[in-house]
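So the chains spell out like this:
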Amino acid sequence: MKNKKNILFYLLLMSVLSWMNAQEFHPGEIWKDTQGNPINAHGGGILFQNNTYYWYGEHKDKTNDARIGVTCYSSRDLYNWKYEGVALAVSNDPGSEIVSGCIIERPKVIYNKKNKEYIMWFHLELKDQGYKAAKTAVAVSKTPAGPFVYVKSYNPDAGHWPLGFKEEWKHKEITEGDLKGWTPEWEKEVQEGLYIRRDFKNGQMARDMTLFVDDNGKAYHIHSSEENMTLHISELTDDYKGFTGKYALIAPGGQNEAPALFKKDGMYYLITSGCTSWDPNAARSFRAKSIWGPWESLGNPAIGEDAETTFHSQSTFVLPVHGKKDAFIFMADRWRPKNPIDGRYIWLPLEFQNGRPVIRWKDHWSLKDFK
Ligand code: DGJ
């Protein structure tokens, strides 16, 4: 009798708990953490480690300046997220590159097995300089939720030419006129490495970025470079804290940002957006047999109503769901530049049709919807 009561109590408790727990995604709606506060992790990326997902993102408030830093949330089921705190805090030291008021965007974290370290990279713009610095920066922690310790910033690949860069392009003079944009002559100059030459000595520009770790442990940093005209994919050193100097160009002159790279059945896929500041535009997709390219353009992966604005959002990450074959989540931001803290998260299933990634809108959905 007592046993029966216990079982009944247990079943009741479980059903109340599952009723309290989220079991679905609701793209675009306010998404609360387990304490009931709206999740504040924009331009985010996810690391799966110790059977837990860690979501890192930009803490935003009334402006886009970094006043807090990079936040971290953890989850076992991808619906319910526990706030883990500030993984990387901005500094109060006016001499620090990450002083409060700088810009920190699109943080991503990867795990370095060799050194047992968590490595965070993010797009960094120095305080009061707008988007001029175009840097990427690295921070390190021994635990997933941090605190991460700031290491340094980079303009990547200083003193190195990309793969396939023609000998004759290396020695071309740059004249003032060359840098004046949007003429056919200028476009040709861009294709022939105008900005790569300009930034050769001090390092290349790096704005929107992501990270990717391949099956063999090699890690790559993918970033919008050359005044956002061309994406660069750069190999990271074995400790993931620096650049080896080996890099390649993706879609030269194609104006791609918001890169998200993933792999399926040995093929590499890349989702990007065009460059329209905080306004959404049509996403793009690419695939390649080798990470070094050539990258084949596959067009807009978004399908249906509002596909031309990627459902009013911009890509930030593609998450392979652990333990489910061919289940990928397209993660994007619906920016609210007038009130950045109210930016929304658009998570949608990414599926494949005839070898192409496709994303369809869903008002609500769950992992069970993956076939
Ligand atoms: C679009 C980028 O994707 C964002 O991360 C941010 O840098 C804005 N541009 C700034 O205008």
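Refer to the structure above for everything that follows.
Reading guide: rules and limits
Residues numbered from 1 in each chain as written. Predicted model: local features only at pLDDT ≥ 70, side-chain atom pairs only at ≥ 80, totals over all residues. Heavy atoms only, no water. Pairing = 2+ DSSP bridges. Helix = DSSP H or I, 4+ residues; strand = E, 2+ residues; numbered from the N terminus. Core = buried A, V, L, I, M, F, W, Y, C linked by side-chain atoms within 4.5 Å. Buried < 20%, exposed > 50% of the residue type's maximum accessible area, 1.4 Å probe, protein only. Contact = heavy atoms within 4.5 Å. Salt bridge = Lys/Arg side-chain N within 4 Å of Asp/Glu carboxyl O. Near = heavy atom within 4 Å. Polar contact = N/O pair within 3.5 Å; in protein donor to acceptor, adjacent residues only side chain to side chain. Areas by Shrake-Rupley, 256 points an atom, 1.4 Å probe, with all protein chains shown as cover. Nonpolar A, V, L, I, M, F, W, Y, C, P; charged D, E, K, R; others polar.

Visitor: I'm lost on the pairing of strand 21 (residues 356–360) in this one. Help?
Guide: Two faces make up the sheet, and in a regular strand the side chains alternate between them. Relative to strand 21, strand 17 (residues 302–303) runs parallel, the two sharing two bridges. Within strand 21, the position partnered with A302 by the bridge is I359. Here four bridges tie strand 20 (residues 344–353) to strand 21, and the two strands are oriented antiparallel to one another. Paired with L350 across the strands is I359, a residue of strand 21. Hairpin connection from strand 20 to strand 21: two residues lie between these consecutive antiparallel strands, with N354 at a positive phi of about 50°.

Visitor: Would you mind showing me how to read unusual backbone geometry here?
Guide: Glycine aside, a negative phi is what most residues show, and trans is what most peptide bonds show. Residue G146 is joined to P147 through a cis peptide bond whose omega torsion reads 10°. Its place among the elements puts P147 in the loop between strand 7 (135–141) and strand 8 (149–154). Residue P294 is bonded to the preceding G293 through a cis peptide linkage, with omega at 5°. As for its placement among the helices and strands, P294 is situated in the loop between strand 15 (284–288) and strand 16 (296–299). The phi dihedral of D157 falls on the positive side, at around 60°, and the residue is not glycine.

Visitor: What is the right way to look at the nonpolar core in this model?
Guide: Among the nonpolar cores identified, the biggest contains 39 residues, and W55, L78, W81, I329 and W347 are the most heavily contacted of them. Among all residues touching W347, those that are not within four sequence positions of it are F25, P27, W31, I46, W55, L78, W81, I329, F330, M331 and W365.

Visitor: What should I look at first to understand the pattern of salt bridges in this one?
Guide: Side chains carrying opposite charge are able to pair once their charged atoms draw close together. All chains considered together, the criterion is met by 26 salt bridges. Taken together, the salt bridges that share partners define one network made up of K172, K188, E189, E192 and R197.

Visitor: Explain the site of the ligand here, please?
Guide: Around the ligand, the neighbouring residues are E105, R106, Y131, D208, E257, S277, W278 and Q314. Note that an oxygen atom of the ligand is positioned 2.6 Å from one of the side-chain N or O atoms of E105. Look at the ligand: alone it shows 290 Å² of surface, and the protein chains cover 91% of it. Tallied by class, the residues present in the shell around the ligand amount to two nonpolar, two polar and four charged.

All quantities given are derived from atomic positions and should not be read as evidence of function.
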